[in-house]
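Next come the chains, spelled out residue by residue.
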Amino acid sequence: MEAMSIESLVLSTWEEEGFVGKTRVPIGRSDVDVLAIHAGEKKVRIGEAKVREGSQKVYVVDDYSLAFIEKQPEKDFTGWMIDGWSDWLRNLPKLWNENGQPVVPWLLDLTNVSQIEVVFCCNLVVLCDPKHPDKLLAHAASRYLRQNSAFEGWFANGGLIRAEVKPTIAVATDLVSAVFKRIDAGYGRRFANPFKDLFRELHRYLSPELDRLPWDHNRQPKGSHKLPFQRQLRKEVLLGLLKAMEIKHDELREWVSEISTDNKP
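What counts, and at which threshold
- Residues numbered from 1 in each chain as written.
- Predicted model: local features only at pLDDT ≥ 70, side-chain atom pairs only at ≥ 80, totals over all residues.
- Heavy atoms only, no water.
- Buried < 20%, exposed > 50% of the residue type's maximum accessible area, 1.4 Å probe, protein only.
- Helix = DSSP H or I, 4+ residues; strand = E, 2+ residues; numbered from the N terminus.
- Pairing = 2+ DSSP bridges.
- Arc of directions from axis to C-beta.
- Contact = heavy atoms within 4.5 Å.
- Salt bridge = Lys/Arg side-chain N within 4 Å of Asp/Glu carboxyl O.
- Polar contact = N/O pair within 3.5 Å; in protein donor to acceptor, adjacent residues only side chain to side chain.
- Axes fitted to C-alpha atoms, helices over the stretch in contact; angles between N-to-C directions.
- Phe/Tyr/Trp six-rings, centres within 6.5 Å; stacked < 30°, edge-to-face > 60°.
- Lys NZ or Arg CZ within 6 Å of the ring centre and 35° of its normal.

This next bit is on the pairing of strand S2 (residues 30-38). The buried count for S2 comes to 7 of 9 residues, which makes it a mostly enclosed element. As defined by bridge partners, strand S1 (residues 20-27) adjoins S2 across 7 bridges and the pair is classed as antiparallel. Bridge pairing in S2 places Gly-21 opposite Ala-36. The turn joining S1 and S2, which pair antiparallel and follow one another in sequence, is formed by 2 residues; a positive phi near 60 degrees is taken by Gly-28. Once S2 ends, the chain turns through 4 residues before running back antiparallel as strand S3 (residues 43-50), passing Lys-42 with a positive phi of about 55 degrees.

Encoded structure:
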């Protein structure tokens, strides 16, 4: 269930970029965790979600990881994906037959694809230049795709591979940002998506529009403007979220102090 939730979260984020797709798309005896298309931009996006071990485990990708990868035969991101984590890459060339026709009925024909994007989403943190792991994943994806002869012509005709090694927390924050921006642009309806509607409610109370001024017991307005009450509500909600996440006051003060120091000229 944990992985399925992450897969749904990934697809929800992609939908805000105009992609349409599905989770757990069968490919032979295996499946693709997340598969989506953007027909207008001629893009196919393929995602893999790996969430392993305990609820606090975070894997490290750092300069040592990159040096270790360089010592491996393939010299791409499969060197980091130990214990069979890279098996999902075998599905990439199977999404099309050798004539470039899609095996999944709604997938774009390879002749109508200008870019394939591969996203590896995992409970990890990147502590080095993020462009390096992304480049190594793109190299791995290209290597596997070339197992299908249709891709020789596709690459020769300018087909592009883009890849991203993405922490699971970034998937969540990206969706929060996308939902908030969409609402701020004027979208008012519910999304009919549990993740998006959750973030919609967070947006509501972080950017509240009170229907009226608060009254005292005699039904007299307690002020002349809503803004101070709306700001107070925003503060209380944000502090309540931090408390719910067990962020201590001392930590918060320390972080604010660090931010203030970093922003000094």
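Picking up after the structure, the text goes on.
In this section: helix H2 (residues 63-70). A turn of α-helix holds 3.6 residues, and therefore any two residues three or four places apart point the same way. The complete set of buried residues in H2 reads Ser-65, Leu-66 and Ile-69. When H2 is viewed along its axis, its buried side chains cluster within an angular range of 100 degrees and face the same direction. Exposed side of H2, more than 90 degrees from the buried face: Asp-63 and Tyr-64 are the residues found there. Where H2 is buried, its residues touch strand S4 (59-61) and helix H3 (131-145).

A word on unusual backbone geometry. The general pattern is negative phi for most residues beyond glycine and trans for most peptide bonds. The backbone of Arg-24 shows a phi angle near 50 degrees, a positive value even though the residue is not glycine. Within the secondary structure layout, Arg-24 lies in strand S1. You will see that Glu-246, though not glycine, has its phi angle at about 65 degrees, which is positive. With respect to the secondary-structure elements, Glu-246 resides in the loop between helix H7 (227-244) and helix H8 (249-262). Residue classification places Glu-246 among the exposed residues on the basis of a relative accessible area of 61%.

Let us now look at the pattern of salt bridges. With the rule as written, the count across this model stands at 22 salt bridges. The residue Glu-53 makes a salt bridge to Lys-57 at a minimum N-O spacing of 3.9 Å. A relative accessible area of 56% places Glu-53 in the exposed class. A cluster of three or more residues bridged by salt bridges with shared partners is formed by Glu-17, Glu-41, Lys-43, Arg-45, Glu-117 and Arg-162.

Examined against the element boundaries, Glu-117 turns out to sit in strand S5 (residues 115-122). Only 2.6 Å separates the side chain of Glu-117 from the side chain of Arg-45, close enough to count as a polar contact. For Glu-117, the residues in contact, after removing those within four places along its chain, are Phe-19, Lys-43, Val-44, Arg-45, Ile-46 and Arg-162.

What follows concerns the sheet that holds strand S7 (residues 160-167). Strand order across the open sheet formed by 5 strands is S1-S2-S3-S5-S7, with mixed pairing between neighbours. The sheet terminates laterally at S1 and S7, the two strands that pair on one side only. Strand-to-strand twist across the sheet, computed as the mean angle between neighbouring axes with direction ignored, equals 25 degrees. The pairing of S3 with S5 spans 8 bridges and is classified as parallel. Within S5, the residue paired with Arg-45 across the bridge is Glu-117. Its contacts with the sheet put H3 on S5 and S7, and the angle it makes with S7 is roughly 130 degrees. Helix H5 (residues 168-184) rests against S5 and S7 of the sheet, and its axis sits at about 100 degrees to S7.

Scanning the entire structure with this criterion turns up 13 aromatic pairs. Relative to Trp-80, the ring of Tyr-59 has its centre 6.4 Å away and its plane inclined at 85 degrees; by these criteria the two rings are edge-to-face. Placement of the pair is Tyr-59 in strand S4 and Trp-80 in the loop between H2 and S5, with a sequence separation of 21 residues. As far as burial versus exposure is concerned, Tyr-59 and Trp-80 are alike and both buried. Through successive ring pairs, a cluster of aromatic residues spans Tyr-59, Phe-77, Trp-80, Trp-85, Trp-88 and Phe-120. Over the aromatic face of Trp-14 sits the side chain of Arg-45, whose NZ or CZ is 5.3 Å from the ring centroid. Over the ring of Trp-215 we find Arg-212; its NZ or CZ atom is 3.6 Å from the centre of that ring.

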